[in-house]
Amino acid sequence: MKKLGDKILAGYSGLMFAFLYVPILLMVIFSFNDSRLLAVWRGFSLRWYESLMADPTVWAAFYNSIWVGALTAGVSMVLGTMTAFVMVRYSFRGKSLLDSALYFPIVIPEITEALSLLLFYVFTGIPLGGVTVVIGHIAFAISFALIVIRARLVGFDRSVEEAAKSLGANELRTFFHVTLPIILPGVIAGGLLAFTVSYDDFIKTAFTAGPGFQTLPLRIYAMASRGGVSPELNALATVTLVVSLMLAVVRLRLSKTQS
Amino acid sequence: MRRSPKTNAGLLASPTVVYLAIFFFAPFAIVLLYSFGMIDIFRQLRPVFTFEYYFEFFSSVVPGVFARSLLMAFATTVACLLLGYPMAYHIAVKSVRRKETLLLLVIIPFWVSFLLRTYALMTILDVNGIINVMLSNLGLISKPLSLIYNPQAVLLGMVYNYLPFMILPLYASMEKLDKSLLEAAGSLGAGPMRSFLRVTLPLTRSGIGAGSILVFVPAVGEFIIPQLLGGTESFMVGNLIWTLFLKARNLWFGSAVSIILIALVILIIGLYMKYISRGEEMAI
Amino acid sequence: MFEVELIDVSKRFGEVTAVDHVSIGVKKNEFYSILGPSGCGKTTTLRIIAGFEESDDGVLKLGGKEANDVPPYKRNVGIVFQHLALFPHMSVFDNIAFGLRMAKMPMDETRKRVEQSLELVDLQGLGGRRINQLSGGQKQRVGIARALVREPGVILLDEPLGPLDLKIRQHMQLELKRIQKQVGTTFIYVTHDQGEALTMSDTVAVMNNGRVEQIGSPREIYDRPATRFVANFIGETNFLPGILQTDGVFVCKTLGCPVLVEGARKSVGDGVLSIRPERVIIGSSLDGLDNLFEAVIEELVYHGSHVSVSAKIGEELTLKIRANPAVPLKIGGATRVGWNRADATVITLGNE
């Protein structure tokens, strides 16, 4: 009896996993379909990818997604590392307040963040575009990078820093020669998370990009809400997906190197 | 004398603090000001203070939209809980050899954005989507089924996207479960149903709570899923805010609605934190 | 002049006083041990010397100069950490060379010195290895080489042999002693292992609860413990409570009779007599001993090289004795025990 129950449970689990994956897999598969129709397989073809590659607005959106993501990652890594040091190594009045404040960007509904940024730019008269998008992404991504870097810093054995100091390295040199190399995988993982958060972002970007600036998610949304489903969109979605997955795999590898 | 640690901490923290103060907290202050009508259409600060935009909230259809959002978020949470609990249980308790792989399989969808996942559902449910095209090619239907642009599609999309958010905390609390407790219950005469209700369920309470919050709170303000999969009866708070800000340019009423949403979220989270701390007290 | 001197140094952590008015003087080229149980303040004291903790009161002098405010990277102090703290992302060579790089030494000079270091600790040719490829003993040697290569005035060692297996530990003890003699640097060695402290040191400072209980050579510490703690912590001992009179006679409470003790004493009053089990003679060869008593044997445990005996004298006193296995003894048998006055020490409570 028990064994049957276990088998049913396993079968149910399998079904649910299929539920989670089938739509995505079908979306990817049909981006290679040599047909306009999404359900009948006509043959393998890269034509939709070719039309994507020939579209300059797609390239522009891709380029924007990348540089916005890279800038977000860079700034978040630096600020995240500095803040992680403060949170892990120091205690002071108001620390728990700061701690809560750093979690706000993660907890608050994204759309409220998006609209608040828009109002901020409206009020201050800053024109909307790539810069306003990046600013919003960084404000959000710092908290994410912080979580990852902080976790890496918590288990850090400080006696190596003391060893460095006993050998003549002052605080700054100790950081660059000893501490940073050791926490680097965590810092990079934090940066990759920040990149992913920025790369996948839709809502905040939609509110702060203005009429002339587009990223991949914005383009996907525009195509989906206007034209509905199409194989080109499948192709675009697949490309976006592949980048996200590659980043995630690297992140996973980096977190595994923490012995 | 050496530099005090407090100045060090201050120096290191200040860039982030300043950045967030300007680009995260100040914007929310501005939303607040707009909601009370203190900023006018010429972007000037006025010494005016009015509740009119909040009153407008109550006299319009907006409360209905909030109610619908709360209902949808609730339904999503319950569905995710019912569907996800057995899955989490299977991975945490029953699967021994493949646990890590299965866990990875739960995490991978996290790496795909909501937008892409929702679009993937669109390709299946749409008028020109996989189901309709397949069924019509097989001659089973003469005109396409409207599987999309209705509340059911939205619920499906919500559950599809939020399910991993429920499974992971459940898994975490089940992982910590001491299997020998179940064996002890069994040896004391409790059948599998009783063991589950009396032992497993209460001990996974924290996972259920965490998963529910992780699903419910963001679900209330969700935009993409109702926008892409829903029709007019599925209009939720996220869509409302989008329309107010980006279409109607009604920054004042939109701000009031947003403040109410934030207040709602803070209330829910506050209740949840109270619930947890009370649970801890009871445990002691 | 001392190489390292602590004058009345104290350090508090909140309510707890970790280091309590400690005064220590370490001479040049000495092997100096700070010995005590966990929590006695020895590691904190070491960290104050290193510069990782600031003392609340008192003065620290390095090489005769006040060093309270000098940051650790400006002190000429080498440290071997308890868990070594080797740089995991660097090779053996880079670990050892680190200090020289910080001192901006030119590359060829650095290379020469590192090679010399590796030879000194018997790790020639292993410069290219990564840290995680080394055994425990090898890591120890890298830690020592790294601290030594800058030729600092003093090397601090914080229980460096703790995590090692017994055989390796014993071997490393000899190695450390050899290295210290060869290089001629002052070593300050912190440990809770009294065996280590006794075998390796020129001078031992015994600490307990933040205070220094006694400073002396290993022989002095062992034969003439100044406090009950020292007597009990180092080796085993018997305590006979009593009163030391002004005429130099110790009246033992539990024996009910006087015991002859050695030497003129400056302080008198309540105290204990400490006599070590191996100094008590039992059964035979008792002629001419200063103190002699009748005893009944209660317990005998055979240990191969010796027999540990519990002997009861009178109603109240049980002595632990280490006896030669050749002496005929049996449980319940009556015998005599005794010792010379020079073999015992009186510790007056006023002195502690």
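Residues numbered from 1 in each chain as written. Chains lettered and ligands numbered in written order. Predicted model: local features only at pLDDT ≥ 70, side-chain atom pairs only at ≥ 80, totals over all residues.

1. Thoughts on the interface of chain A and chain B
When the parts of a complex come together, some accessible area is lost, and that lost area is often taken as the interface size.
Piece 1. Every contact between the two is made by 63 residues of chain A and, on the other side, 64 residues of chain B.
Piece 2. Considering every element that reaches the side of chain A that touches chain B, the biggest residue donor is helix α1 (residues 2-29) of chain A, with 13 residues.
Piece 3. Split by residue class, the side of chain A that touches chain B holds 50 nonpolar, 11 polar and 2 charged. (Contact = placed C-beta atoms within 7 Å. Helix = DSSP H or I, 4+ residues; strand = E, 2+ residues; numbered from the N terminus. Nonpolar A, V, L, I, M, F, W, Y, C, P; charged D, E, K, R; others polar.)

2. Points about the sheet that holds strand β14 (residues 269-275) of chain C
All names here are of chain C.
Piece 1. Taken in spatial order, the 5 strands make up an open sheet running β13-β12-β11-β14-β20, and their pairing is antiparallel. Edge strands, defined here as strands with exactly one partner in the open sheet, are β13 (257-260) and β20 (344-348). Put simply, the sheet's adjacent strands are angled 40° from each other on average, direction ignored.
Piece 2. For β14 and β20, the ladder comprises 5 bridges, and the chain directions are antiparallel. Opposite S274, over in β20, you have T345 as the bridge partner. (Pairing = 2+ DSSP bridges. Axes fitted to C-alpha atoms, helices over the stretch in contact; angles between N-to-C directions.)

3. Quick word on the pairing of strand β7 (residues 154-158) of chain C
All names here are of chain C.
Piece 1. With respect to burial, β7 is a largely interior element, 5 of its 5 residues being buried.
Piece 2. With burial as the criterion, each face of β7 is covered, one bearing V154, L156 and D158 and the other bearing I155 and L157.
Piece 3. In the sheet, β7 pairs with strand β8 (residues 186-191) via 5 bridges, with the strands oriented parallel. Across the sheet, D158 pairs through a bridge with V190, a residue of β8.
Piece 4. Where the polypeptide runs from β7 across helix α5 (residues 166-183) and back to β8, its parallel neighbour, the crossover connection is right-handed. (Buried ≥ 20, exposed ≤ 12 C-beta atoms within 10 Å, placed from the backbone. Right-handed = clockwise from strand over helix to strand, strands pointing away.)

4. Some points on the domain arrangement of chain B
All names here are of chain B.
Piece 1. Partitioning chain B into domains gives domain 1 (1-50) and domain 2 (62-117 + 146-283).
Piece 2. Between the C-alpha centres of domain 1 and domain 2 the distance comes to 32 Å.
Piece 3. Contacts between domain 1 and domain 2 engage 5 residues on the former and 6 residues on the latter.
Piece 4. Tallied by class, the residues present in the side of domain 1 that touches domain 2 amount to 3 nonpolar, 2 polar and no charged. (Domains from an automatic or database assignment.)

5. Details of helix α1 (residues 42-50) of chain C
Residues and elements named next belong to chain C.
Piece 1. Burial within α1 is extensive, with 9 of its 9 residues counted as buried.
Piece 2. Those residues of α1 that sit buried are K42, T43, T44, T45, L46, R47, I48, I49 and A50.
Piece 3. With its phi angle positive at about 105°, G51 sits one or two positions after the end of α1.

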